[in-house]
Amino acid sequence: TIPAPMKVMHKGMMRKHLDTLSEITAALATNDLKKTAEIAKTDLGWSEGREQQCSVFEPVKGGSDFTKLSTAMHKKADELADAAKAGSRDKALADLSQLIKKCNACHEKYRH
């Protein structure tokens, strides 16, 4: 039900999210927690601008819970950033796993 131009834009955003997950994983692999926190917060974290981006798709979804799912994923990125800032690599890795599960939950429900 999403118009073609919105599909293209949305898929581009999702590919960028995957690139960001790869960058976070690489930073965690080298134990660069400062970089991990920066990437997670800046590129995936929740913000007013992110809320506006995500809400663009909500009306098209017909009152769905798309924004609720996307908000949960972006807020988990904030938790990951906080764990990395606190120096907890194990917590950051656990948060990364949960973040990916939140991505998958949304993709399981919404496909185009």
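Residues numbered from 1 in each chain as written. Predicted model: local features only at pLDDT ≥ 70, side-chain atom pairs only at ≥ 80, totals over all residues. Heavy atoms only, no water.

### Notes on the environment of Ala92
Right, on to step 1. One can find Ala92 in helix α5 (residues 89-109).
Right, on to step 2. You can call Ala92 buried: its relative accessible area is 0%.
Right, on to step 3. Between the C-alpha atom of Ala92 and that of Ala37, which follows or precedes it by 55 residues, the distance is 8.9 Å.
Right, on to step 4. Setting aside anything within four residues of it in sequence, one finds Ala92 in contact with Leu28, Leu80, Ala83 and Ala84. (Helix = DSSP H or I, 4+ residues; strand = E, 2+ residues; numbered from the N terminus. Buried < 20%, exposed > 50% of the residue type's maximum accessible area, 1.4 Å probe, protein only. Contact = heavy atoms within 4.5 Å.)

### Quick word on helix α2 (residues 33-44)
Right, on to step 1. For α2, spanning 12 residues, the distance from its first C-alpha to its last is 16 Å, which sits close to the expected 16 Å at 1.5 Å a residue.
Right, on to step 2. Packed against the buried residues of α2 are α1 (4-29), α3 (48-55), α4 (66-85) and α5. (Expected span 1.5 Å × (residues − 1).)

### Regarding the state of the cysteines
Right, on to step 1. Summed over the entire model, instances satisfying the criterion amount to 0 disulfides.
Right, on to step 2. For the unlinked cysteine Cys103, the closest cysteine sulfur is that of Cys106, found at 8.2 Å.
Right, on to step 3. The buried category is assigned to Cys103, whose relative accessible area is 15%.
Right, on to step 4. You can call Cys106 buried: its relative accessible area is 12%. (Disulfide = S-S within 2.5 Å.)

### Looking at unusual backbone geometry
Right, on to step 1. With a phi angle near 60 degrees, Asn31 is a residue other than glycine that sits in the positive phi range.
Right, on to step 2. Secondary-structure assignment places Asn31 in the loop between α1 and α2.
Right, on to step 3. A relative accessible area of 45% places Asn31 in the partly exposed class.

### Some remarks on the confidence of the model for the protein chain
Right, on to step 1. Confidence in the prediction for the protein chain averages 91 pLDDT; 94% of positions are at 70 or higher.
Right, on to step 2. Summarising per-element confidence for the protein chain, the mean pLDDT is lowest in α3 (86) and highest in α2 (98). (pLDDT = per-residue confidence, 0-100.)

### Digging into the packing of α4 against α5
A pair of packed helices is captured by two measures, namely the crossing angle of their axes and the spacing between those axes.
Right, on to step 1. For the pair α4 and α5, the least separation of the axes is 8 Å and the interaxial angle reads 170 degrees. Comparing their axes, α5 and α4 come out roughly antiparallel. Here α4 contributes Phe66, Leu69, Ala72, Met73, Lys76, Ala77, Glu79, Leu80, Ala83 and Ala84 to the contact with α5, which in turn contributes Lys91, Ala92, Asp95, Leu96, Gln98, Leu99, Lys102, Cys103, Cys106 and Lys109.
Right, on to step 2. Residues of the contact of α4 with α5, tallied by class, amount to 13 nonpolar, 1 polar and 6 charged. (Axes fitted to C-alpha atoms, helices over the stretch in contact; angles between N-to-C directions. Parallel < 35°, antiparallel > 145°, perpendicular 65-115°, else oblique. Nonpolar A, V, L, I, M, F, W, Y, C, P; charged D, E, K, R; others polar.)

### Things to note about the nonpolar core
Right, on to step 1. Grouped together as the largest cluster of nonpolar side chains are 18 residues, with contacts concentrated most on Ile24, Leu44, Leu80 and Leu99.
Right, on to step 2. Those elements that provide at least two residues to this core are α1, α2, α4 and α5.
Right, on to step 3. In terms of residue count, α4 provides more of this core than any other element does, 6 residues in total.
Right, on to step 4. Apart from residues no more than four positions distant in its own chain, Leu80 is found in contact with Ile24, Thr36, Ala40, Ala92, Asp95, Leu96 and Leu99. (Core = buried A, V, L, I, M, F, W, Y, C linked by side-chain atoms within 4.5 Å.)

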